[in-house]
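Inside the fold
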Amino acid sequence: MGIRAKLGAVAAAVGTVMIAAAPASAGETTIKRTCDGRVTQYDAYSSRTLAYTQKTGTSCDGHAWVRVKTNGTWKNWLHNNDKATIANSTGNFQASQHKGCADCKVYTLTP
């Protein structure tokens, strides 16, 4: 194989690696609540195909809450004691909202 062919193959391989390594668009935040003087943390994540709120502390009784926006409409809230997750393979999540209890402040993320 000539030098030109080798350089072309290397450039193609590097280009492929660079495309594969490009990160998907996503949003993340950390939500903190204080209950009885102790902090409970909730990790919130949003992409076009996945949104979740995960409780990483135990001092607050509130559930992890999440909902997504698709086709311009906010869907119903989903909640769980530890982690609330919504997944969709079509990649049409426009935004997500996260909170650490039913009446807590809402945090909006855009993928």
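The structure reproduced in this document is the subject of the present report. Predicted model only: the values in this text are computed from it and were never measured.

As a further point, take the state of the cysteines. What is meant by a disulfide is a covalent connection between two cysteines, made through their sulfur atoms. In this structure the tally under the stated criterion is 2 disulfides. The disulfide that involves Cys35 links it to Cys60, with 1.9 Å between the sulfurs. Here the disulfide of Cys35 and Cys60 is right-handed, its torsion about the S-S bond being about 105°. Residue Cys35 is located in strand S1 (residues 26-35), and its partner Cys60 is located in the loop between strand S3 (50-55) and strand S4 (64-70); the two are separated by 25 residues in the primary sequence.

Here we come to the sheet that holds strand S7 (residues 83-87). The 4 strands lie next to each other as S1-S2-S3-S7, forming an open sheet whose pairing is antiparallel. The sheet terminates laterally at S1 and S7, the two strands that pair on one side only. The average undirected angle you get between the axes of adjacent strands in this sheet is 10°. Sheet analysis places S3 next to S7, joined by 5 bridges and oriented antiparallel. Paired with Thr53 across the two strands is Ala84, which belongs to S7.

What counts, and where the lines are drawn
Residues numbered from 1 in each chain as written. Predicted model: local features only at pLDDT ≥ 70, side-chain atom pairs only at ≥ 80, totals over all residues. Heavy atoms only, no water. Disulfide = S-S within 2.5 Å. Helix = DSSP H or I, 4+ residues; strand = E, 2+ residues; numbered from the N terminus. Pairing = 2+ DSSP bridges. Axes fitted to C-alpha atoms, helices over the stretch in contact; angles between N-to-C directions.

These values are about where atoms sit, not about what they do.
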